[in-house]
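Topology and contacts: notes
Chain by chain, the residues:
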Amino acid sequence: MTDLSEKMHKPETVCIFGTGDFGHSLGLRLLQSGYNVVYGSRGPKNSLLLPKGSKVMTHAEAACEARVVFVAVQREHYGFLSSLASDLEGKVLVDVSNNLRRGLYPESNAEYLSRLVPGATVVKAFNTISAWALQSGGLDANRQVLLCGDRSDAKQQLMDIAQSLGFTAVDRGSLWAAADLEDLPLQLFPLWRLPLNIAICLTAFIFFYTLTRDVIYERVNNGKDIAFRIMVSLANKAFPIVSLVMLSFCYLPGALAGFLQLYNGTKYRRFPDWLDRWMLCRKQLGLLALAFGFLHVLYTLVIPIRYYVRYRINVYTISLVTFNKTYEFDNMAAWRYDSYYSMGILGFGLFVLLGITSLPSVSNSLNWREFRFVQSKLGYITLLLCTAHTFLYGWDRFLKPSSYRWWMPPAYMLSLVVPCVVLILKLILITPCVDSKVTRIRQGWERQGKTSANGRDTKTNQPLMA
Ligand code: NAP
């Protein structure tokens, strides 16, 4: 009993090669979590600034002290490890290294390490955690430790260590995945790049379009300077348009994929790369669309306190009084404006709900069916409400020739093109005869005579001739 409890409470010793920034922070965190730490260093006598409680010795001596050895050394200095091959026999070697750029070496650093020390089991881990995050124990940074390796017992040891350090370990498979893990810290918001570019281009286009149609047209044709409208009016035209178009961009690839599957007669044919990439960044497109929607709401809220609006109301009221006129109540206008606001409020409310359910903490609590219900069904309803909101905003303006300045239609009309296309495509997809076909295809049915995933005729199983 005493033996067992002594064994259970005996702190495990972990070895770290390298006393640099990463090694130092990792050692400190390990000590705080109850581990013994020994450093392997080129100059044990010179390493004075190491965490209190740790020991420092030569690489060979340190390796003998522990079963797990973290290699906190840059890859270009790994050469010395081959001379320690016999000391590292049977140990778990943890490769924490990153590269300065992609494709710098033909093989991953972890695979290289495994080749240098074939008698050890290499696990790639902790490379996505910074020295700073280690010191703060993951309190104000990413808490996920991604790891990969060929032996599950070695990975389990690393998972236990990561967990006791306050991190969540995520197994990313065999050592073959190490190259991907090494690429991760080099990426800068990869999934946000396309949505951000779309948002910037759309905003710039709509802004210059409305600038030309509203401000420059007035200046050239009527000699009026209304450039002050750039700040609120034009911004509040661009933001809702970008928001609506980007929301429809979230649903367009799904609809296109449905038609592509119908055309191919199978789900076992890969989508084109551009469609795959588009589908992968739908969440980011939606979140950016929501951000633009928020801006639209904020800009709309300040309308009543704008100087220009107050001035126009005052002038109008005074003119009514001066000329003794009454302002007739227009029942149709009341209906129109109330419906316009109502659609906007409901659409925005659902839009916020979509944003909330896309947060990992919320989506993790939903099952796949619930998640699809919110993101697909409620998503389409959101798109429908926001499109109706825009239709009600424009009302019959598209019929008036004065709305077309320099042959340019009002910007709201442009914003309706993509949402209407998406809604029409969806309407076709949910008609019973099309829907049943798509459902069958998605359940694995294949049309006879079409190429299957392996490029063979599904009827004869013969390769198709070019
Ligand atoms: P560092 O501050 O430059 O420290 C590297 C250590 O490696 C040195 O302190 C030195 O320790 C040892 N070393 C240097 N030249 C050597 C040689 N020729 N032979 C043997 N050992 C040598 O680097 P670091 O920031 O700690 O990074 C270490 C590793 O962690 C790198 O692979 C890096 O990619 C990875 N990493 C770092 C961070 C971070 O935030 N810093 C985050 C993730 C991953 P001794 O003098 O004691 O031998």
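Residues numbered from 1 in each chain as written. Predicted model: local features only at pLDDT ≥ 70, side-chain atom pairs only at ≥ 80, totals over all residues. Heavy atoms only, no water.

1. Observations regarding the overall build of the protein
- Within the protein, the secondary structure is distributed over 17 helices and eight strands.
- Against the globule reference of 23 Å for 466 residues, the protein gives a C-alpha radius of gyration of 31 Å, more extended than a compact globule.
- Taking the principal axes of its C-alpha atoms as reference, the protein extends roughly 100 × 70 × 50 Å.
- Evaluated residue by residue, the protein yields a buried proportion of 41% over its 466 residues. (Helix = DSSP H or I, 4+ residues; strand = E, 2+ residues; numbered from the N terminus. Rg over C-alpha atoms; globule rule 2.2 N^0.38 Å. Buried < 20%, exposed > 50% of the residue type's maximum accessible area, 1.4 Å probe, protein only.)

2. Details of the site of the ligand
- Taken together, 19 residues sit near the ligand, with T19, F22, S41, N98 and A131 positioned nearest.
- The separation between an oxygen atom of the ligand and a polar main-chain atom of D21 is 3.1 Å.
- Residue F22 places a main-chain N or O atom 2.7 Å away from an oxygen atom belonging to the ligand.
- Notes on the ligand: free accessible area 880 Å², of which the protein chains cover 77%.
- Taken together, the residues that form the shell around the ligand break down as seven nonpolar, 10 polar and two charged. (Near = heavy atom within 4 Å. Polar contact = N/O pair within 3.5 Å; in protein donor to acceptor, adjacent residues only side chain to side chain. Areas by Shrake-Rupley, 256 points an atom, 1.4 Å probe, with all protein chains shown as cover. Nonpolar A, V, L, I, M, F, W, Y, C, P; charged D, E, K, R; others polar.)

3. Some words on the sheet that holds strand β2 (residues 36-40)
- An order of β3-β2-β1-β4-β5-β6-β7-β8 is seen for the eight strands of this open sheet, with the pairing classed as mixed. In this open sheet, the two strands that pair with only one neighbour each are β3 (55-57) and β8 (168-171). Across the sheet, the axes of successive neighbouring strands diverge by a mean angle of 30°, strand direction being ignored.
- For strand β7 (residues 144-149) and β8, the ladder comprises four bridges, and the chain directions are parallel. (Pairing = 2+ DSSP bridges. Axes fitted to C-alpha atoms, helices over the stretch in contact; angles between N-to-C directions.)

4. Side note on unusual backbone geometry
- Its identity as a non-glycine residue notwithstanding, F126 has a phi of 65°, on the positive side.
- Mapped onto the elements, F126 comes out in the loop between β6 (121-124) and α5 (131-136).
- Backbone geometry places W395, a non-glycine residue, at a positive phi of 50°.

5. What about the UniProt feature "transmembrane region" (unreviewed entry) in the protein?
- UniProt marks residues 194-212, 241-264, 285-309, 339-357, 378-395 and 411-434 with the feature "transmembrane region" (unreviewed entry), using the numbering shown here.
- Taken end to end, residues 194-212 comprises 100% helix and 0% strand; its first and last C-alpha atoms sit 27 Å apart. (UniProt positions renumbered as here; feature names shortened; annotations may be inferred.)

6. Describing the packing of aromatic side chains
- Under the criterion given, the structure shown has 20 aromatic pairs.
- Between F205 and Y209, the aromatic rings sit 5.9 Å apart at their centres with planes inclined by 40°, giving tilted as the arrangement. Highlighted residues: F205 and Y209, both in helix α8 (residues 190-222), separated by four residues, approximately one helical turn.
- Overall, the relative accessible area of 47% leaves F205 in the partly exposed class.
- Taking the ring centre of Y337 as reference, the NZ or CZ of R336 above it sits at 4.8 Å.
- The positively charged end of R440 is found above the aromatic ring belonging to W445, 4.4 Å away from the centroid. (Phe/Tyr/Trp six-rings, centres within 6.5 Å; stacked < 30°, edge-to-face > 60°. Lys NZ or Arg CZ within 6 Å of the ring centre and 35° of its normal.)

7. Observations regarding the nonpolar core
- Counting residues in each nonpolar core, the largest one holds 48 residues, and the members touching the most others are M246, L247, F249, Y251, L252, L285 and V422.
- For this core, the secondary structure elements donating two or more residues are α8, α9 (233-264), α10 (273-280), α11 (282-301), α13 (331-357), α15 (368-394), α16 (411-430) and α17 (432-442).
- The leading source of residues in this core is α9, at 16 residues.
- In this structure, L285 is in contact with P195, I198, M246, F249, C250 and W278, ignoring residues within four places of it in sequence.
- The next biggest cluster of nonpolar side chains, apart from the first, holds 30 residues, and it includes I16, L26, L30 and L158. (Core = buried A, V, L, I, M, F, W, Y, C linked by side-chain atoms within 4.5 Å. Contact = heavy atoms within 4.5 Å.)

8. Digging into a positive patch on the surface
- On the surface, a cluster of positive charge is made up of R369, R372, K377 and R442.
- By residue number, the principal contributor to the positive patch is α15, which donates three residues.
- Within the fold, R442 resides in helix α17.
- Looking at R442, the relative accessible area reads 40%, which means it is partly exposed. (Patch = residues over 30% accessible without salt bridge, like charges linked within 9 Å, V, L, I, M, F, W, Y side chains within 5 Å. Salt bridge = Lys/Arg side-chain N within 4 Å of Asp/Glu carboxyl O. Lys, Arg positive; Asp, Glu negative; His and termini not counted. Charge placed at Lys NZ, Arg CZ, Asp CG, Glu CD.)

9. Things to note about the packing of α8 against α11
- Following both chains from N to C, one finds α8 and α11 inclined at 40°, their axes separated by 9 Å at the closest point. Considering their axes alone, α8 and α11 lie oblique with respect to each other. Pair α8 / α11 crosses with right-handed handedness. Two secondary-structure elements touch here, α8 through L191, W192, P195, L196, I198, A199 and T203 and α11 through Q284, L285, L287, L288 and F292. (Parallel < 35°, antiparallel > 145°, perpendicular 65-115°, else oblique. Left-handed = near helix turned anticlockwise from the far one by under 90°.)

10. Some thoughts on the packing of α9 against α16
- The N-to-C vectors of α9 and α16 enclose an angle of 30°; their axes lie 9 Å apart at closest approach. The orientation of α9 relative to α16 falls into the category roughly parallel. Note that α9 runs across α16; the crossing there is left-handed. Of α16, the residues touching α9 (which contributes I241, L244, V245, S248, F249, Y251, L252, A255, L256, G258, F259 and L262) are A411, Y412, S415, V418, P419, V422, L425, I428 and L429.
- Class assignment for the residues of the contact of α9 with α16 results in 18 nonpolar, three polar and no charged.

11. Points about the UniProt feature "domain: Pyrroline-5-carboxylate reductase catalytic N-terminal" (unreviewed entry) in the protein
- UniProt's feature table lists "domain: Pyrroline-5-carboxylate reductase catalytic N-terminal" (unreviewed entry) at residues 13-99, given in the numbering used throughout.
- Counted over residues 13-99, helix gives 22% and strand 24%. Its end C-alpha atoms are 28 Å apart.

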